[in-house]
Amino acid sequence: MNAVLSIDPRTGAGHGPVADESGPAVVDDVAGEALTAFQALQDAGRSGRADLLRGWADALEGHREEIVRIADRETALGGVRLGGELTRSIFQLRFLAGVVTEDAYLEATLDPAADTPTGPRPAGGRSPRA
């Protein structure tokens, strides 16, 4: 099995292996674990899923410096940009947790057909398929 190498985009220097390539058996195992996790998430209900999203946000915030440092080493995008992207991701996780908790997404929304500056919009807000 081949190692996946980390390479500094600023210098081209290698940082060494960060993972091994996954073969079919590993992919099968991970898919099985995902199925188990799916059932656990269903059993957790909306409140449990919201708690999980908040937990992910807290974990990202708690490891902010390390995440930004490693991401910068891998991408050379810079700490300011990566810190902003991490903040955005944390906000989105917390926002989604609130949406899941309040359950407004379960309500029906009608989006009628209308003329718009970019042309007519079909009912439902969907573009016609080609």
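See the structure above.
Residues numbered from 1 in each chain as written. Predicted model: local features only at pLDDT ≥ 70, side-chain atom pairs only at ≥ 80, totals over all residues. Heavy atoms only, no water.

### What to know about the nonpolar core
Burial of nonpolar side chains together is a common tendency in soluble globular proteins. This is how it is decided: Within this scheme, the nonpolar core is defined by two criteria: the residues are buried Ala, Val, Leu, Ile, Met, Phe, Trp, Tyr or Cys, and they are joined through side-chain atoms within 4.5 Å. Burial here depends on accessible area, computed with a 1.4 Å probe over protein chains only, as a share of the maximum for the residue type. Under 20% is buried, over 50% is exposed, and the range in between is partly exposed. Secondary structure follows DSSP: runs of H or I at least 4 residues long count as helices, runs of E at least 2 residues long count as strands, and numbering of each begins at the N terminus. When checking whether two residues touch, look at their non-hydrogen atoms; a contact exists if any pair is within 4.5 Å.
In terms of nonpolar packing, the biggest core is built from 10 residues, these being Ala 50, Leu 53, Ala 57, Val 68, Leu 82, Leu 86, Ile 90, Leu 93, Ala 97 and Val 100. Listing elements by their share of this core, those giving two or more residues are helix 1 (24-62) and helix 3 (79-102). Tallying contributions element by element places helix 3 first for this core, with 6 residues. Residues in contact with Leu 93, not counting those within four places in the same chain, are Leu 53, Trp 56, Ala 57 and Leu 60.

### Comments concerning helix 3
To keep things clear, this is the line we draw: For a helix, the expected span equals 1.5 Å multiplied by the residue count minus one.
Across its 24 residues, helix 3 extends 34 Å between first and last C-alpha, which sits within 8% of the 34 Å expected from 1.5 Å per residue. Inspection of helix 3 places Leu 82, Gly 83, Leu 86, Ile 90, Leu 93, Ala 97 and Val 100 among the buried residues, and these make up the whole buried set. Turning to helix 3, the residues buried within the fold contact helix 1 and helix 2 (64-75). Asp 103 sits one or two positions beyond helix 3 and adopts a positive phi of about 60°.

### Some details on the side chain of Ser 6
Along the polypeptide, Ser 6 turns up in strand 1 (residues 3-7). Ser 6 sits in the buried class, given a relative accessible area of 1%. For Ser 6, the contacting residues outside a window of four places in its chain are Ala 13, Gly 14, His 15, Gly 16, Val 18, Arg 73 and Glu 74.

### Quick notes on the pairing of strand 1
Formally: In this description, strands pair whenever DSSP reports at least two bridges between them.
Inspection of the sheet shows strand 1 paired to strand 2 (residues 14-20) by 5 bridges, in the antiparallel sense. By the bridge assignment, Ser 6 is partnered in strand 2 with Gly 16.

### Some points on the pattern of salt bridges
Test applied: We count a salt bridge whenever a side-chain nitrogen from Lys or Arg sits within 4 Å of a carboxyl oxygen from Asp or Glu.
All told, the structure shown has 6 salt bridges when counted by the stated rule. One salt bridge connects Asp 58 with Arg 94, and the closest N-O pair in it is separated by 2.6 Å. With a gap of 36 residues between them, Asp 58 in helix 1 and Arg 94 in helix 3 connect regions that are remote in the sequence. Since its relative accessible area comes to 45%, Asp 58 is described here as partly exposed.

### With respect to the pairing of strand 2
Little of strand 2 is tucked away: 0 of the 7 residues are buried. Counting the residues that bridge the hairpin from strand 1 to strand 2 gives 6 residues, and of these Gly 12 lies at a positive phi of roughly 80°.

### A closer look at a nonpolar patch on the surface
Our working definition: For patch building, the residue pool is restricted to those with more than 30% relative accessible area and no salt bridge; the joining distance is 9 Å between like charges and 5 Å between nonpolar side chains (Val, Leu, Ile, Met, Phe, Trp, Tyr). Computed with a 1.4 Å probe, the accessible areas rest on the Shrake-Rupley method; for each residue, only the protein chains presented here act as cover.
Together, Leu 41, Leu 52 and Trp 56 make up a nonpolar patch on the protein surface, roughly 260 Å² of accessible area in all. Tracing the chain through its elements places Trp 56 in helix 1. Residue class for Trp 56 comes out partly exposed when judged on its relative accessible area of 46%.

### Observations regarding the environment of Ile 70
Along the polypeptide, Ile 70 turns up in helix 2. With 36 residues separating them in the primary sequence, Ile 70 and Ala 34 have C-alpha atoms 26 Å apart.

Any functional reading would require information that these geometric values do not contain.
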